[in-house]
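Here's the letter readout for the chains.
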Amino acid sequence: MRAGLRIQRWTPLSVAAMGTTALVVVLLAFGPLFLSANLINQLTTLFIYVMLAVMWNALAGYGGLVSIGQQAFFGLGAYAAIRVASVGVNPYLALVLGAVLVGIIALPISTFMLRLRAGEFAIGMWVVAELAHLLVTLDPIVNGETGTSLLQLTSYPAPLRRALTYWAALAAVVVLLGTIFVLLRSRIGAAIQAIRDDEEAAASVGVKVRQTKRIIFVLAALAAAMAGALWVAATITFQPKAYFSVQWTAYMIFMVLVGGIGTWEGAIIGALIFFLMESWFGASGVWYLVGLGAAALVFALFMPKGIWGMIEQRFGLSILPVGYRVVNDQPAAPEAAEKKA
């Protein structure tokens, strides 16, 4: 490497950001002790949105696997949690086991789906979601589209149930985001992004394309399943049509598009913006959905890199870096001396 150049991953800003994040997580862990019931419910919802946004961004923004069928795993996660709890397992343990079961199911699904590319993969995932929806409604315990409930949670007093669901959501978002952050900073993460940029070129330099794509596919499926399980824990009721609705993937796409696809910080910002829009305008009915669509269109046309992508491009900020950057420590050449009069 040339003199004066060095590879940098961490910056003083990113170190400070990581420390601040850790402090915020510790503070949030004590949330049920001093926050109102309404705020606890809202934060639980926000944690689920962050999880969905970050993992869809990892799948599409970093892995190049644009899926419009992640609602398949969201719905299956909720269904699996109900099924596991119905055999006598503690309902909160059932949330985790249900998500893990869906992650295992995602393995054989990936064998077929990862043979598809681009639009074929996107449509194929939507077909998988519709098939999963139909299969779940055939289970007698679900009662067709009428649905069922995670009744085992009703045995907990409401304040305790609210706090336990909040802690489960916080733990899930920390573990899953931490896992994907470490993964993207590893050799596997570099391989994932290489495949996104040029699959044939990545294969030619020794990247195991299919196996690498399978890792990110299964992780995204497991995270969506965990989000679905947490959603049914928060709402108690399960109606297949609502959980397997394509609107869940539409929300993921909106959050990532607005925040900045392919940026770690962007997905989190997008989730926060979506959460605020839903809190303020969600009661507006169809006009709320029209507004979401219009906002997504504006960002796609005029800010294709999203909010954080634009900030990163203009100011070079990287609060939570997953890649490397080349830094030139060599001082700039002095300006030419002014000519004497």
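This one's a predicted model, so the numbers in the text were calculated from it and none came from an experiment.

The rules behind each value
Residues numbered from 1 in each chain as written. Predicted model: local features only at pLDDT ≥ 70, side-chain atom pairs only at ≥ 80, totals over all residues. Heavy atoms only, no water. Helix = DSSP H or I, 4+ residues; strand = E, 2+ residues; numbered from the N terminus. Contact = heavy atoms within 4.5 Å. Areas by Shrake-Rupley, 256 points an atom, 1.4 Å probe, with all protein chains shown as cover. Salt bridge = Lys/Arg side-chain N within 4 Å of Asp/Glu carboxyl O. Buried < 20%, exposed > 50% of the residue type's maximum accessible area, 1.4 Å probe, protein only. Expected span 1.5 Å × (residues − 1). Polar contact = N/O pair within 3.5 Å; in protein donor to acceptor, adjacent residues only side chain to side chain. Core = buried A, V, L, I, M, F, W, Y, C linked by side-chain atoms within 4.5 Å. pLDDT = per-residue confidence, 0-100. Phe/Tyr/Trp six-rings, centres within 6.5 Å; stacked < 30°, edge-to-face > 60°. Axes fitted to C-alpha atoms, helices over the stretch in contact; angles between N-to-C directions. Left-handed = near helix turned anticlockwise from the far one by under 90°. Nonpolar A, V, L, I, M, F, W, Y, C, P; charged D, E, K, R; others polar.

Caption draft 1: Quick look at the overall build of the chain. Scanning the chain from terminus to terminus reveals 15 helices and 4 strands. Projecting the C-alpha coordinates of the chain onto the three principal axes gives extents of approximately 90 × 50 × 40 Å. When contacts within the chain are restricted to residue pairs at least 6 apart in sequence, those whose partners lie at least 24 apart make up 79%. Element-wise, carbon and sulfur atoms account for 69% of the exposed surface of the chain, whose accessible area totals about 17,100 Å².

Caption draft 2: Focus on unusual backbone geometry. Of note, Asn-143 is a non-glycine position whose phi angle comes to about 65 degrees, a positive value. Along the chain, Asn-143 falls in the loop between helix H6 (118-137) and strand S2 (148-149). Notably, Ile-236 is not glycine yet its phi reads approximately 75 degrees, a positive angle. Relative to the helices and strands, Ile-236 is located in the loop between helix H10 (209-235) and strand S3 (237-238).

Caption draft 3: How the structure looks around the pattern of salt bridges. This model, assessed by the stated rule, comprises 2 salt bridges. Between Arg-83 and Asp-139 there is a salt bridge whose closest N-O contact spans 2.9 Å. Here the residue Arg-83 occupies a position in helix H4 (residues 71-85), and Asp-139 occupies one in the loop between H6 and S2, the gap between them amounting to 56 residues. Its relative accessible area of 34% is what places Arg-83 among the partly exposed residues. A residue is classified by how much of its surface remains accessible, and Asp-139, at 9% relative accessible area, is buried.

Caption draft 4: Looking closely at helix H13 (residues 264-281). A rise of 1.5 Å per residue sets the reference length of H13, with its 18 residues, at 26 Å; its end C-alpha atoms lie 26 Å apart and thus fit the reference within 8%. Among the residues of H13, Trp-264, Glu-265, Gly-266, Ala-267, Gly-270, Ala-271, Phe-274, Phe-275 and Met-277 are the ones counted as buried. If you check the start of H13, you find a side-chain oxygen 3.2 Å away from the backbone N of Gly-266, and it comes from Thr-263.

Caption draft 5: Fine view of the environment of Ser-67. Residue position: Ser-67 is located in the loop between helix H3 (37-62) and H4. Residue classification places Ser-67 among the buried residues on the basis of a relative accessible area of 0%. As for Ser-67 and Ala-118, which are separated by 51 residues in sequence, their C-alpha atoms are 8.9 Å apart. Beyond its immediate stretch of four places on either side in the chain, Ser-67 contacts Trp-56, Leu-59, Phe-121, Ala-122, Met-125 and Thr-249.

Caption draft 6: Up close: the nonpolar core. Met-51, Phe-73, Leu-95, Ile-180, Phe-217 and Phe-238 are the most contacted members of the largest nonpolar core, which has 99 residues in total. Counting residues per element, this core draws most heavily on H3, which supplies 17 residues. Setting aside anything within four residues of it in sequence, one finds Phe-73 in contact with Val-102, Ala-106, Ile-109, Met-125, Phe-217, Ala-221, Ala-224 and Ala-225. In terms of nonpolar packing, the next biggest core, distinct from the first, is built from 5 residues, Ala-191, Ile-195, Ala-202 and Val-207 among them.

Caption draft 7: Spotlight on the confidence of the model for the chain. Confidence in the prediction of the chain, expressed as mean pLDDT, is 85, and 91% of residues score 70 or more. A low-confidence stretch, residues 335-341 stays under pLDDT 50, and its non-local contacts, those more than four residues away or across chains, total 0 contacts.

Caption draft 8: Looking closely at the packing of aromatic side chains. On inspection of all chains with the given rule, the structure shows 14 aromatic pairs. Here the aromatic rings of Phe-47 and Tyr-166 are separated by 5.5 Å at their centres, their planes lie at 50 degrees, and the arrangement is tilted. With Phe-47 in helix H3 and Tyr-166 in helix H7 (residues 158-184), this pair connects stretches of sequence that are 119 residues apart. Three or more aromatic residues link up through ring pairs in this structure, and these residues are Tyr-49, Phe-74, Trp-231, Phe-238, Tyr-243, Trp-248, Tyr-251, Phe-254 and Phe-274.

Caption draft 9: Region of the structure containing H6. Compared with the 28 Å implied by 1.5 Å per residue over 20 residues, the 30 Å span of H6 between its first and last C-alpha is a close match. Looking at H6, one finds that the buried residues are Phe-121, Ala-122, Gly-124, Met-125, Val-128, Ala-129, Ala-132, His-133, Val-136 and Thr-137. In the core, the buried residues of H6 are packed alongside H4, helix H5 (91-113), H10, S3 and helix H11 (240-243).

Caption draft 10: Region of interest: the packing of H5 against H10. The geometry of H5 relative to H10 is characterised by a closest axis approach of 8 Å and an angle of 145 degrees between their N-to-C directions. Here H5 runs over H10; the crossing is right-handed. For the pair H5 and H10, the contacting residues are Leu-95, Val-96, Ala-99, Val-100, Val-102, Gly-103, Ala-106, Leu-107, Ile-109, Ser-110 and Thr-111 in the first and Arg-214, Phe-217, Val-218, Ala-221, Leu-222, Ala-225, Met-226, Ala-229, Leu-230 and Ala-233 in the second. Residue composition of the contact of H5 with H10, grouped by class: 17 nonpolar, 3 polar and 1 charged.

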